[in-house]
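A closer look at the structure
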Amino acid sequence: MEVLRPSSLREALEMRAAHPEALPIAGGTDVMVELNFGRRRPETILDVSRLPELQVIRREGGTIFLGAGVPYTWIMRELPDQVALAQASRTVGSPQIRNRGTVGGNLGTASPAGDALPVLAAYEAEVLLASVTGTRRLSWRDFLRGPKRNALAPDELIVGVEWNVPQGPGSFSKIGTRNAMVIAIASVCLQVDETTRGLRVALGSVGPTILRAPEAEAFGAGVLDEAGAWADPRATVPQDAVMRFGELTAAAARPIDDVRGTAAYRRHGCAVLASRALTWALADRRAVAG
Amino acid sequence: MQTATRGPNLAQQAKDRVGTSAPRIDGVPKVLGSFAYGSDLWTEGMLFGATVRSPHPSARIRSIDTSAALALEGVRSVLTAQDLPAKRTYGLEFADQPVLAWDVVRYAGEPVAIVAADHPEQARLAAAAVRVDYQPLPAVTDMEAALRPDAPQVSELGNVLRHVHIVHGDPAAQADVWVEGYYEVGMQDQAPLGPEAGLAIPAADGGVDLYVSTQWLHVDRAQIAPCLGLPEEKVRLYCAGVGGAFGSREDLHMQIHACLLALATGRPVKMSYGREESFYGHVHRHPARIWARTGARRDGTLVNAQVRLVIDGGAYTSSSPAVILNASTFAAGPYEVPNALIDGTAVYTNNPPCGAMRGFGAVQVCFAYEGQMDKLAAALGMDPVELRVRNALHTGSVLPTGQVIRGSAPVREVIERCAALPMPPEVPPDDRDPVTLPGGAGNVGRGEHVRRGVGFALGYKNIAYSEGFDDSCEAEVRLERGARGPLATIHTAAVEVGQGLHTVLAQIARTELGVEDVVVVQPDTRVGSAGSTSASRQTVMAGGAVAAACATIRERLLERGAARAAETGTRWEGGLRLAEGRVLAGEAPVGEIAEFLDPPLEAREVFRHRQTTPLDEHGQGDPHVMFAFGAQRAVVEVDEDLGLARVVQLAAVQDVGRAMNPRGVEGQIEGGSAQGLGLALFEEVRLREGRIENASFTDYLVPTILDMPPVVSDVVEEPEPGAPFGAKGVGEGATIVATAAIVAALRNATGRELNRVPVTPDDLVGLVPPRTTGGPPPVPDVPGPRPVYEYRHHT
Ligand SMILES: Cc1cc2nc3c(=O)[nH]c(=O)nc-3n(C[C@H](O)[C@H](O)[C@H](O)COP(=O)(O)OP(=O)(O)OC[C@H]3O[C@@H](n4cnc5c(N)ncnc54)[C@H](O)[C@@H]3O)c2cc1C
């Protein structure tokens, strides 16, 4: 097995073009598992863990660019104001995994259980891809194509993700049978967008890929509207509407029974997490309003 | 006991003696990562072995084609059943397990062929290239289905492996109050952190030297040698560093395979399982189904226990006969019950074989009888702790087998001390870091609908082997002049599996000989058998043997001292003794111990515990040597909406006879509790038609530090007569009760029945109802009380 170790993005893209069969490796926390289990036998590995262009976080105006090679530990430290993303990062694996694992790798694997992915979906993030011939921007939705399938071309690398910093509270929650180091049975990210007066809800581990819950989003936004809560965060949103929001979120899930959990429980979990997330968001808005 | 009167005297002087928390002799290398485990074994020119395993739970082997594998680069040998040189089966109690399957396979994961190659990857590729043509056969993968007359027969002896029938008093005895319960226990795995590994080196004499992580070198050898066609003396075993065992290394795994490949190639062969293969490479804890009816008088006094249990032994016998004996004899719990009817059946199925795991049959029934005690307490409106105290066994109590408890049984004290341990503070859920709430790092709550529950459980188990087994351990001790003074060297075949045995053996030698420097030699078969490091027995057995050998040495030392004192005309009153590294005659010093060690002193002693007896056809006898009791109180929090749980505190009291190394005891209580917690909440080998669905640590979940609560523990020290220093084993007690205590707390928090472990989130939120049953299966018509193969097997 040959390991290519470029030290700049340019060099990496050239190697990628010359060796489209080469498997990129960043933190290796997915790749090494695949190799160990003999599920993959690449002839060549392209180590992207030393590319400075992938190791940056940039804030420009109202957007954030997160390099594909930034590990979760770093995100937790550098982006605490991106609450949902920082929370999702904290739920990943163990400290060792968080020190190595990256959002680029999470996108590369494109597992429906990838914990960063519902957040990117709720942030309406775009994925930046590059090859020797140029760059592409794909919405998260166009990038994540299905279970463990994405839109990455054989000559491309993921450079990073970019999103407009949302104005409003957000959170990420993940259910696992164990209290840590567990693959999500179900996860929910809720992001409030004060600017558009919208809610965005994304679900992980309850479908072939990351799902949004548009009905719940519209219903939730409408409920806040009716209650006058967009304008006045102190306005009361009825509890049964919050519960209904949870149910509508769960209705968007397309879960299956597997060894980690039952479909019924996954759906149930989505409902609970979504209504809790909305409750917290409303409380946070009230707290900000004083 | 003689040692108890002699010990303290010396004990005041020798550092790290019995009763102190002497530091672990293997502690520093293990923490530094320099300790060599079985998987670290290496020798020049070694080959690597790999195993071809059946993907089918039941199939006929039509043919095996090894040509493609043999043609691969680096491949040195491919062996199938055809190549077996001698005996083709092995087993701990009954040799029914094929070294390599021929004609049929009986479980998914059964070894069918083995290969050796220059590189582990080549070996793996070669294993994948072995073509086995299987014709799948009907499989029976449900333990009750196996008992039906039309079930596919897993063993030619029938599907009943052993039936234990115990009648005590008058099973028709009437009670004021009856409670009924049905309980299920899933298949737990020992999940040792160090997977199976060993290195076989062919020897010049035609024999083989095997370095292996195991629990009992001699019983391994007794099974290996006949399968190699070698006399035992040509099969020499050396214990490699053991990364946890918990019963998983009692049965053979790669031992015979590596030896066969080494003898076939004339090269050293290493076999080292990965995590996935480890799940196929060792036995599991028996899944169990238990039907119980418990009757009591209105004042809470137990009158009658009726228990029917079935355990799934999987495809081969392993230690199922002993596990069903234990489960059956303990099925009424650590309580005085004047009348009982207990029927325990171990069956063969096409599931992976089950055998020894920490708690050995006692875990499953504890979950059931403690569930019954809580139901009874509720039915009587009595405090559950008080109900247990009222019925607790004590010295002199008669067990359902008719066995009278002769040794220590401070059960009441264990219960009362446990109930009195401080409760954890109650911090309101809504002002806590979410990581400390149920769901932990998942950030699922801010304290919404978190309910606390408290549960209590009591349990017990035998120490050492039962049913008349001639259980022994040999030790050699040598005392010589070392660089810094007298040096004692201990040589036994007793395996350290991480529990701290070797540290305790060194403490015993220090105490008995009054020396500081002690070396414990890595176990091998150059010394006599130590028996297994299991059944919580090695502190008693190896400890007893080392103490006896030290006593012999001390006598000879004192003889030498007496001779010297006589020569020099010393006058003294009273006897000679050892103190402060010296031989004293009365109060008069005769000389430093080191002065009396030319030539060095050596002693070899064998320790045996008192004889037990097998059960008769009514299940009556004196089957167990001694008993250890333990109680735990669990405090849990449950997120009622999500069905996620967090154990807040475990309070444990264990009956230990004597805490040889208090920190070691604490470690066993904490580790054992963690394993019990795992079974309560998530540890289960999930099977679908006999195939393991979660053979990895991704999906077989063991507790993390965020799942494990603080454990407040205490011990009751009432010496066990006949045991060295009065010590009982401490390895299993906490595992037995933790599961039952935690589930009791979950029931208390949720009000749900929860009759199956592991409890799932679905159970806790009520998405899945309690398991139901159409009643127990009929008692099988098989000969007894011994295992069925003893009646039906003719060779
Ligand atoms: C013990 C353990 C626990 C885990 N727990 C979690 C968890 O809780 N939640 C979770 O979401 N995941 C978890 N994972 C999975 C893994 O850590 C994450 O998916 C992580 O984000 C992967 O990042 P990485 O940098 O290690 O990726 P790698 O393993 O290096 O790569 C993953 C995939 O992405 C591709 N890739 C990586 N970088 C690029 C790039 N720049 N351009 C193109 N392709 C690229 C690779 O080719 C590969 O296909 C766990 C893994 C382990 C081993």
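Rules used in this analysis
- Residues numbered from 1 in each chain as written.
- Chains lettered and ligands numbered in written order.
- Predicted model: local features only at pLDDT ≥ 70, side-chain atom pairs only at ≥ 80, totals over all residues.
- Heavy atoms only, no water.
- Axes fitted to C-alpha atoms, helices over the stretch in contact; angles between N-to-C directions.
- Helix = DSSP H or I, 4+ residues; strand = E, 2+ residues; numbered from the N terminus.
- Left-handed = near helix turned anticlockwise from the far one by under 90°.
- Contact = heavy atoms within 4.5 Å.
- Buried < 20%, exposed > 50% of the residue type's maximum accessible area, 1.4 Å probe, protein only.
- Pairing = 2+ DSSP bridges.
- Buried area = accessible area lost by both parts, 1.4 Å probe.
- Salt bridge = Lys/Arg side-chain N within 4 Å of Asp/Glu carboxyl O.
- Polar contact = N/O pair within 3.5 Å; in protein donor to acceptor, adjacent residues only side chain to side chain.
- Near = heavy atom within 4 Å.
- Areas by Shrake-Rupley, 256 points an atom, 1.4 Å probe, with all protein chains shown as cover.
- Nonpolar A, V, L, I, M, F, W, Y, C, P; charged D, E, K, R; others polar.
- Domains from an automatic or database assignment.
- 1 Å grid on protein atoms, 1.4 Å probe; cavity = no way out; pocket = protein on both sides within 12 Å on 5 of 7 lines; lining within 4 Å.
- Points joined across faces, edges and corners; volume = space filled by probe spheres on them.

1. Structural notes on the packing of helix H9 (residues 362-380) of chain B against helix H15 (residues 733-750) of chain B
For any two helices packed against each other, the geometry is given by the interaxial angle and the distance between the axes. Residues and elements named next belong to chain B. Between H9 and H15, the shortest axis-to-axis distance is 8 Å and the interhelical angle comes to 35°. Every pair of crossing elements has a handedness; the one defined by H9 and H15 is right-handed. Two secondary-structure elements touch here, H9 through Ala-362, Val-363, Cys-366, Phe-367, Glu-370, Gly-371 and Asp-374 and H15 through Thr-735, Ile-736, Val-737, Ala-740, Val-743, Ala-744 and Arg-747.

2. A few points about the pairing of strand E27 (residues 644-655) of chain B
All names here are of chain B. Of all the 12 residues making up E27, 12 are buried; the element is thus mostly covered by neighbouring parts of the structure. Pairing of strand E26 (residues 626-639) with E27 involves 10 bridges; the strand directions are antiparallel. For Arg-633, the partnering residue across the bridge sits in E27 and is Ala-651. Linking two consecutive strands that pair antiparallel, namely E26 and E27, is a turn of 4 residues; a positive phi of about 65° is found at Gly-643 within it. The pairing of E27 with strand E30 (residues 711-716) spans 6 bridges and is classified as parallel.

3. Comments concerning the interface of chain B and chain A
On the chain A side, the residues contacting the 39 residues of chain B number 30 residues. Overall, the association of chain B and chain A removes approximately 2800 Å² of surface from exposure, summing both partners, and the carbon and sulfur fraction of that is 53%. Put simply, chain B and chain A have 5 salt bridges between them. The partner of Arg-260 of chain A in a salt bridge is Asp-699 of chain B, and the shortest N-O contact between them spans 2.5 Å. Taken together, the links from chain B to chain A amount to 21 residue pairs in polar contact (both at pLDDT 80 or more).

4. Section: the site of the ligand
Residues and elements named next belong to chain A. Close to the ligand lie 33 residues; Pro-24, Ala-26, Thr-29, Asp-30 and Tyr-72 are nearest. The backbone of Pro-24 places a nitrogen or oxygen atom 2.5 Å from an oxygen atom of the ligand. Between the ligand and Ala-26 there is a distance of 2.7 Å, counted from an oxygen atom to a backbone nitrogen or oxygen. When isolated, the ligand has an accessible area of 980 Å², and the protein chains bury 88% of it. Mapped onto the shell around the ligand, the elements with two or more residues apiece are strand E2 (23-25), helix H2 (31-36), helix H5 (95-100), helix H6 (103-109) and strand E10 (157-164). Class assignment of the residues belonging to the shell around the ligand gives a composition of 17 nonpolar, 12 polar and 4 charged. Mapped onto the domain boundaries, the shell around the ligand takes at least three residues apiece from domain 1 (2-164) and domain 2 (170-289).

5. A word on the side chain of Asn-755 of chain B
Summarising the element assignment, Asn-755 of chain B is placed in the loop between H15 and strand E31 (756-757). The residues touching Asn-755 of chain B, leaving out its near neighbours within four places in the chain, are Tyr-182, Tyr-183, Glu-184, Phe-367, Pro-770 and Arg-771 of chain B.

6. Thoughts on empty space enclosed by the protein
All names here are of chain B. In total, this model carries 7 cavities of 30 Å³ or more according to the counting rule given. A volume near 150 Å³ is recorded for the largest cavity. The residue inventory of the lining of the largest cavity, partitioned by class, reads 10 nonpolar, 6 polar and 2 charged. Thr-294, Ala-331, Ala-332, Tyr-369 and Gln-372 are the residues nearest the centre of the second largest cavity, which is lined by 14 residues in total. Looking at the lining of the second largest cavity, the elements with two or more residues in it are strand E15 (288-296), strand E16 (302-312) and H9. A breakdown of the residues in the lining of the second largest cavity according to their chemical character gives 12 nonpolar, 2 polar and no charged.

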